[in-house]
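So the chains spell out like this:
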Amino acid sequence: MFPQVLVQVVSLVRNALCVCKSLVAEDHWSRDPIMKAPFFGGEEPEDVLIIEAVIGLLQLMGGVFLCAGAVKKMLEARKEMTVAFSIQEEMDCTRLSWLEYVLLSDSLDKEKAAKKQKYSEGIHELNIGVGFFFLCAWSFHSCSVVYLMLSLSLVEVSLAVLLWYGGKGIYAAWRNSQDVQLAYGRRRRQLPHRVNPGNARWVALKLHREADTRLDLAAARGGRERTAAEVRRVAKAITDIDKLLEDGAGIKWTKDLEDHRVEQLVEADKLVAEAVFTAWIIFLNIIAGVGYFFIPLTYYVPDEGTFAYYLWDLWPGHEFLAWWGNLAGDVAWTLEPLSLLAAPALLALVLRCTRDAAVHAARKDK
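Residues numbered from 1 in each chain as written. Predicted model: local features only at pLDDT ≥ 70, side-chain atom pairs only at ≥ 80, totals over all residues. Heavy atoms only, no water.

**Things to note about the confidence of the model for the chain**
- When pLDDT is averaged along the chain, the result is 81, and 81% of the positions lie at 70 or above.
- Within the chain, no element has a lower average pLDDT than strand β3 (residues 194-195), which sits at 45, and none a higher one than helix α1 (residues 4-23), at 93.
- With pLDDT under 50 throughout, residues 187-201 is counted as low confidence; its partners more than four residues away or in other chains account for 39 contacts. (pLDDT = per-residue confidence, 0-100. Helix = DSSP H or I, 4+ residues; strand = E, 2+ residues; numbered from the N terminus. Contact = heavy atoms within 4.5 Å.)

**Side note on the UniProt feature "transmembrane region" (unreviewed entry) in the chain**
- In this numbering, the UniProt entry assigns the feature "transmembrane region" (unreviewed entry) to residues 48-71, 122-140, 146-165, 271-295 and 331-351.
- Helix makes up 100% of residues 146-165 and strand makes up 0%, while its end C-alpha atoms are separated by 29 Å.
- Along residues 331-351, the helical share is 100% and the strand share 0%, with 29 Å between the first and last C-alpha atoms. (UniProt positions renumbered as here; feature names shortened; annotations may be inferred.)

**Digging into the side chain of E121**
- Following the sequence through the fold, E121 ends up in helix α3 (residues 98-139).
- Here E121 falls in the buried class, since its relative accessible area comes to 17%.
- Leaving out residues up to four positions away in the same chain, E121 has contacts with K73, L162 and Y165. (Buried < 20%, exposed > 50% of the residue type's maximum accessible area, 1.4 Å probe, protein only.)

**Observations concerning the side chain of K115**
- Residue placement: K115 occurs in helix α3.
- According to the relative accessible area criterion, K115 is buried, its value standing at 15%.
- Contact partners of K115, with chain neighbours within four places excluded, come to A77, E80, M81 and L217.

**Topic: the pattern of salt bridges**
- For the coordinates displayed, the defined rule picks out eleven salt bridges.
- For the salt bridge of E52 with K21, the shortest nitrogen-to-oxygen distance reads 3.5 Å. In this pair, E52 sits in helix α2 (residues 50-93) while K21 sits in helix α1, placing the two residues 31 residues apart along the sequence.
- Assessed through its relative accessible area of 27%, K21 is described here as partly exposed.
- Within the structure, one salt-bridge network assembled from shared partners comprises E76, E80, E111, K115 and K118. (Salt bridge = Lys/Arg side-chain N within 4 Å of Asp/Glu carboxyl O.)

Right, dumping it as structure tokens:
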């Protein structure tokens, strides 16, 4: 809906200004008053500083970006789930072999689970987006601390859920890369010139048909005819693979298959590189989540003696942890959009190096 570059730039500037707000001197020009707090219900409105006003506007933009993106994601997930149920109905009405029905059902179940997670992610991203509106109001001194802390608490919960989903994604990407590397072999001599396939997944990979056995929900949209065509397409691919297994046909190793093997190994390396980058983003968000967590924690439990008692007087103090936690969160969320903006160039460099290495290894083994 909004260009991702714009979203990341706004996030970068906003969080960088939050870091500056914590570090600049009290007499800096950015701390000069620019206006009185709007929508203030008290007797005397507070002054809104220049840096607070700029941060507040950027927080407002961030909230709009997040909420719009979250709503779009939820609508897409709902539409894709509708298509998935249409495929299920079509499968029940189509004469399929046992193998076709089982593999189609497995693929469909995975798609349903992915779309449910996508919808859940949209809900939590929407919650975080709403939290930015409260932060905007706080920047303009127009929000009660009670509402702010409640909002921050809900944001912490949503952030924890999204981090869990991110961790699952890293594990899935790593497993997928391992499957590809195992099927294709990291080096040419690991594979014989003639192969008698041992399982359907291996055959599908070697014959470029793994993608053919996956349901494409986008292709199934647009009515029952397209849904039925997608079911028939996947069923035919499964039948072809099953026939190869029954025939026990060998596969003659050709240059095309060798080139395809190299491409798949590069793709596996891409999955690993993306997983490592995602782990870095998750690490930054963990720092941010833990850092910001101290703000509502010190608010809900104002007695420092409670923590000092259970932590053997090692508790450094509410004010210390709230300030440093907020700074750590701002720094982490400044590095996140900076990393995302640099990601395309870094990943392209990594993939170029891995592609050259894979091609060199293939030539060396000939």
